[in-house]
Amino acid sequence: MRFFDRKEEIATLRKIRDNAGQSAQFTVLTGRRRIGKTSLVLKAYEDKPFLYFFVGRKAESLLCEEFRQEVETKLGVRMGGAPSGFAELFDYLMQLSRQQSFTLFIDEFQNFERVNPAIFGDMQRIWDLNHSESKINLLACGSIYSMMTKIFRDNKEPLYNRQNRFMTIKAFRPSVLKEILDEYNPGYSAESLLALYAFTGGVAKYVQLLVDDNALTLDSMIDSIVSPDSIFINEGRSFLVEEFGKDYDTYFSILSAIAAGKNRRSEIESIIQKPIGGYLTRLEDDYGIVTKEVPAGAKSLGKNVIYTIRDNFFTFWFRFIFKYSHFLEIGAFGQLRTLIKRDYPTFSGLILERYFREKAIESGKYTIIGRWWDRKGENEIDMVAANELEKELEVYEIKRNRKNINLATLKEKTKIMLDTVNIFNDYEVKIKGIDMQDM
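Residues numbered from 1 in each chain as written. Predicted model: local features only at pLDDT ≥ 70, side-chain atom pairs only at ≥ 80, totals over all residues. Heavy atoms only, no water.

### Observations regarding the pairing of strand β8 (residues 368-373)
Across a regular strand the side chains alternate sides, sitting on one face of the sheet and then on the other. Here β8 lies mainly inside the structure; 5 of its 6 residues are buried. Pairing of β8 with strand β9 (residues 380-387), which is carried by 5 bridges, proceeds in the antiparallel orientation. Note on β9: the bridge partner recorded for Ile368 is Ala386. Counted between consecutive antiparallel strands, the loop separating β8 from β9 contains 6 residues, among which Gly377 sits at a positive phi close to 75°. (Buried < 20%, exposed > 50% of the residue type's maximum accessible area, 1.4 Å probe, protein only. Helix = DSSP H or I, 4+ residues; strand = E, 2+ residues; numbered from the N terminus. Pairing = 2+ DSSP bridges.)

Encoded structure:
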């Protein structure tokens, strides 16, 4: 699959490189694994040579020898022997960058924690002493969100706030998924678009895997994902165990409950059978996997809070792959594919609501986008989109099939919402129904 989108990010990275010609730049790039961070940097800087250090989990001396060869090859210098450690190499580069501007891209930066944790303190000292006269464009990239956040945003850490900017690379937007399908599956159906969004969430690597496998219809995607050699099968476990560490069992149980529709803390605790407040906080703040939602227009969190998994792929993985892992243990791939196809309409109905909310965000027309529900859970509205400057409110019912939309009921729910949400009192209100044909 060719490279898609990222025009704004590429422009930003090139501007940062240009700025480094006058003063040192230190940029942190983060984002979930498989999102395309490395590909983005390689694309942005393909026009000029740059140093690429990949921090593998190996001895510091071996890494430094690899890095030395990269420096000598790309910059045309002779270092006069292998550096004793990364601190010596980094100091050399900072001194060199006083005379010439160049880019140093350190990939999987968080792995220095395993190689030698002292490296972070060494870098802080060397950076502080030299950056004012340096012309280096330094990029630190990492895919373990919790560790990258800790390294650069925990005020107890040596590299706290040393960066000029913190870039978070996000998934492809709905419009980009459309562009990809236009190229690789012309005449695609709304069902195919929804499936690509539901299974990948716009994560670049997952999209690429399906494109490369020519799996661009609902059935072919399910067949590709649920197969003995598919990376999707173990992806959730390998990804999240690394994030969560030894407590992964509890986190997995919480995420499984949320994926099954248990969105309130009390509902989750009734399943887990222990307090989970701290776990939910870490899932939201430290790992960025769960988000806390309140009804649209609510002034504060209060008690009417629900939790959702941010990532479509993890939502799918916990709903089907993790839940039915016993199918896979005995090789019952066909039976799992059948089960997913059976339950997909219900599952994708909820994902369709997420799709339209994300599409509304991408439009840039609104200042409030969300959904609404009452405290008792008796009345719910799929999407509320408001423009606070224009005093306009749009209320939506979202269904896979248009014939299931009931605007009269939606009008009644909207009246209940307006009676409880004071912020919308003087807004012009439009009540609408949308379905898959509006994607």
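### So, the packing of aromatic side chains
Any pair of aromatic rings gets described here by the distance separating the centres and the angle formed by the planes. A full pass over the atoms with the stated rule returns 38 aromatic pairs. Centre to centre, the rings of Phe199 and Tyr344 are 5.7 Å apart; their planes meet at 45°, and the pair counts as tilted. Highlighted residues: Phe199 in helix α9 (residues 190-200) and Tyr344 in helix α18 (residues 333-363), separated in sequence by 145 residues. Of the two residues examined, Phe199 and Tyr344, each falls in the buried class. Taken together, a centroid distance of 5.3 Å and an interplanar angle of 85° make the contact between Phe252 and Phe322 edge-to-face. Taken together, the residues span a long stretch of sequence, with Phe252 in helix α13 (residues 248-259) and Phe322 in helix α16 (residues 312-322) at a distance of 70 residues. Under the relative-accessibility criterion, Phe252 is labelled buried at 2%. Its relative accessible area of 22% is what places Phe322 among the partly exposed residues. The ring of Tyr279 is capped by Arg282, whose NZ or CZ atom sits 5.0 Å from the centre of that ring. Taking the ring centre of Phe320 as reference, the NZ or CZ of Arg319 above it sits at 4.4 Å. (Phe/Tyr/Trp six-rings, centres within 6.5 Å; stacked < 30°, edge-to-face > 60°. Lys NZ or Arg CZ within 6 Å of the ring centre and 35° of its normal.)

### Regarding unusual backbone geometry
Located in the positive-phi region is Asp5, a residue other than glycine, with phi close to 60°. Along the chain, Asp5 falls in the segment before α1 (7-19). Phi is positive for Asn214, which is not a glycine, with a value near 55°. For Asn214, the position within the fold is in the loop between α10 (204-212) and α11 (218-225). Given the relative accessible area of 61%, Asn214 is considered exposed.

### Some remarks on the sheet that holds strand β11 (residues 428-434)
Sheet architecture is open: 4 strands sit in the order β8-β9-β10-β11, paired in mixed fashion. In the strand order of this sheet, the two ends are held by β8 and β11, each with one partner. Pairs of neighbouring strands in the sheet enclose a mean axial angle of 25°, with direction left out of account. Alignment of strand β10 (residues 392-398) against β11, held across 7 bridges, turns out to be parallel. (Axes fitted to C-alpha atoms, helices over the stretch in contact; angles between N-to-C directions.)

### Comments concerning a nonpolar patch on the surface
A surface patch of nonpolar side chains, amounting to about 200 Å² of accessible area, comprises Leu407, Val429 and Ile431. By the element assignment, Leu407 lies in helix α19 (residues 407-420). Residue classification places Leu407 among the partly exposed positions, given a relative accessible area of 41%. (Patch = residues over 30% accessible without salt bridge, like charges linked within 9 Å, V, L, I, M, F, W, Y side chains within 5 Å. Areas by Shrake-Rupley, 256 points an atom, 1.4 Å probe, with all protein chains shown as cover. Salt bridge = Lys/Arg side-chain N within 4 Å of Asp/Glu carboxyl O.)

### Description of the environment of Val203
On the secondary structure map, Val203 appears in the loop between α9 and α10. The spacing of Val203 and Ala171 is 32 residues in sequence and 4.9 Å in space, taken between C-alpha atoms. Not counting residues within four places of it along the chain, the set of residues in contact with Val203 comprises Arg32, Arg33, Arg34, Ile35, Ala171 and Asp311. (Contact = heavy atoms within 4.5 Å.)

### Some remarks on the packing of helix α4 (residues 86-96) against helix α6 (residues 118-130)
Contact pair α4 / α6: the axes reach a minimum separation of 10 Å and the direction vectors enclose 20°. As judged from the angle between their axes, α4 and α6 are roughly parallel. Of the two possible hands of crossing, α4 and α6 adopt the one that is right-handed. Contacts between α4 and α6 involve Phe86, Ala87, Phe90, Asp91, Met94 and Gln95 on the former and, on the latter, Ile119, Asp122, Met123, Ile126, Trp127 and Asn130. Partitioning the contact of α4 with α6 into residue classes produces 8 nonpolar, 2 polar and 2 charged. (Parallel < 35°, antiparallel > 145°, perpendicular 65-115°, else oblique. Left-handed = near helix turned anticlockwise from the far one by under 90°. Nonpolar A, V, L, I, M, F, W, Y, C, P; charged D, E, K, R; others polar.)

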